[in-house]
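Geometric and topological summary
One-letter residues, chain by chain:
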Amino acid sequence: MDAEGVILKGEYLLEVAKLAGLFNRVFKAFYLGINGLASWEGSLRDRVKVLAGLDEDLFLEAARRLKVRRGFSKLTRDLRRVGWRIAVITGGFDLLEGILRKKGVEFDWYFSNKLLFDGGKLKGVEVRYKSKGEVARRLKSICDPDLTVAVGDGWNDIEMFEEADLAVGFRPKCVIRPFIDVEVRRARGLWRLLRLL
């Protein structure tokens, strides 16, 4: 399951950019990546380059301001209660893991990239995997699940969709609609869908 744009309202680096007065420059790189008009990794590195040198405190404040979509804390709790195992596979960053847990989102695994700071200033990014599909394959080899469901909203989720038995677009970008099996817009709709499986 993706984090930003799915579990979380909004995109983390765009929130940082708003606080820093750099929204338009960061949004341009984000738009290209999320819609498949540029490589996701290249888009990510471009966004980080624009924000390089900003104070770490700004990044922490932006993380605290992120909101979990209505119903997702309960959804993840209920899914785990009935036996589902949840992996958050995000193109975002490690510092969001604690934020999600504090806001009541439950999951078994968290995979992300890492922002690098030096002397309290953003220096760069450590890209920890090439694609979400790579992570999904690794998890499937470990867990050997009966059924795999992927939930995402953007271009960088397509390889994860390809590894799943069911690909769910959560408020998906138009460009990924050919790659999904079903579209949902709310946590409640996702719960109703998964209860049928």
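Everything here concerns the structure above.
Residues numbered from 1 in each chain as written. Predicted model: local features only at pLDDT ≥ 70, side-chain atom pairs only at ≥ 80, totals over all residues. Heavy atoms only, no water.

**Description of the packing of aromatic side chains**
Stated precisely, the cut-off is as follows: Two rings from Phe, Tyr or Trp (for Trp, the six-membered ring) form a pair when their centres sit within 6.5 Å of each other. Planes less than 30 degrees apart are called stacked, planes more than 60 degrees apart edge-to-face, and all others tilted. Counting from the N terminus, the helices are DSSP H or I runs at least four residues long and the strands are E runs at least two residues long. Any Lys NZ or Arg CZ that is within 6 Å of a ring centre and within 35 degrees of that ring's normal is treated as a charge sitting over the ring.
A full pass over the atoms with the stated rule returns eight aromatic pairs. Here the aromatic rings of phenylalanine 27 and tyrosine 31 are separated by 6.0 Å at their centres, their planes lie at 40°, and the arrangement is tilted. You can see phenylalanine 27 and its partner tyrosine 31 sitting in helix H2 (residues 23-34), four residues apart, about one turn around the helix. Between phenylalanine 72 and phenylalanine 170 the ring centres are 5.3 Å apart and the planes differ by 75°, which places this aromatic pair in the edge-to-face class. Of this pair, phenylalanine 72 sits in helix H5 (residues 72-81) while phenylalanine 170 sits in strand S7 (residues 166-170), and the two are 98 residues apart along the sequence. Among the aromatic residues, those joined into a cluster by ring pairs are Phe23, Phe27, Phe30 and Tyr31. Over the ring of tryptophan 40 we find arginine 47; its NZ or CZ atom is 4.5 Å from the centre of that ring.

**Focus on helix H6 (residues 95-102)**
Heads up, the condition is: With a 1.4 Å probe rolled over the protein chains alone, any residue whose accessible area is under 20% of its type maximum counts as buried; one over 50% counts as exposed, and the rest are partly exposed. The directions from the helix axis to the C-beta atoms form the arc being described. The criterion used for residue contact is that any of the two residues' heavy atoms lie within 4.5 Å.
Within H6, burial applies to Leu96, Ile99 and Leu100. Here the buried residues of H6 occupy an arc of 100° about the axis, which is enough to place them on one side. Buried residues in H6 make contact with strand S1 (8-9), helix H1 (12-20), helix H4 (56-65), strand S2 (67-68), strand S3 (87-93) and strand S4 (109-118). Of the residues one or two after H6, glycine 104 is the one with positive phi, at around 90°.

**Some thoughts on the nonpolar core**
Applied cut-off: Among buried residues, the Ala, Val, Leu, Ile, Met, Phe, Trp, Tyr and Cys ones that are joined through side-chain atoms within 4.5 Å form a nonpolar core.
Core analysis: the biggest nonpolar cluster contains 50 residues, and Ile7, Tyr12, Leu13, Leu51, Phe72, Leu100 and Leu190 have the highest contact counts within it. Counting residues in each nonpolar core, the second largest holds 14 residues, with Phe111, Tyr129, Phe161 and Ile180 among its members.

**Some thoughts on a nonpolar patch on the surface**
Where we set the bar: Exposure above 30% relative accessible area and the lack of any salt bridge qualify a residue for a patch; like charges then connect within 9 Å, and the nonpolar side chains Val, Leu, Ile, Met, Phe, Trp and Tyr within 5 Å. Residue exposure ignores everything except the shown protein chains as possible cover, and the areas themselves are Shrake-Rupley values with a 1.4 Å probe. Salt bridges, as used here, are contacts in which a Lys or Arg side-chain nitrogen is within 4 Å of a carboxyl oxygen on Asp or Glu.
Taken together, the side chains of Phe27, Tyr31, Leu32 and Leu37 define a hydrophobic patch exposed on the protein surface, amounting to about 360 Å² of accessible area. Its location among the elements puts leucine 37 in the loop between H2 and helix H3 (40-51).

**Quick word on the pairing of strand S5 (residues 121-126)**
Applied cut-off: For two strands to count as paired, DSSP must find a minimum of two bridges between them.
Across five bridges, S4 lies against S5 in antiparallel orientation. Note on S5: the bridge partner recorded for leucine 115 is valine 125. Hairpin geometry of S4 and S5 is characterised by an intervening segment of two residues between the two adjacent antiparallel strands and by a positive phi of about 60° at glycine 119.

**A short note on the environment of cysteine 174**
One can find cysteine 174 in the loop between S7 and strand S8 (182-184). For the pair formed by cysteine 174 and glycine 154, sequence separation is 20 residues and the distance between their alpha carbons is 8.7 Å.

**Overview of the side chain of aspartate 78**
Rules: For the purposes of these results, a polar contact is taken to be a pair of N or O atoms within 3.5 Å, where, inside protein, one atom must be able to donate a hydrogen and its partner to accept one; residues adjacent in sequence count only when each atom of the pair is a side-chain atom.
Position of aspartate 78 among the secondary structure elements: in helix H5. In this structure aspartate 78 comes out as buried when scored by relative accessible area, which is 10%. Polar contacts involving the side chain of aspartate 78 include one to the side chain of lysine 74, which spans 2.6 Å.

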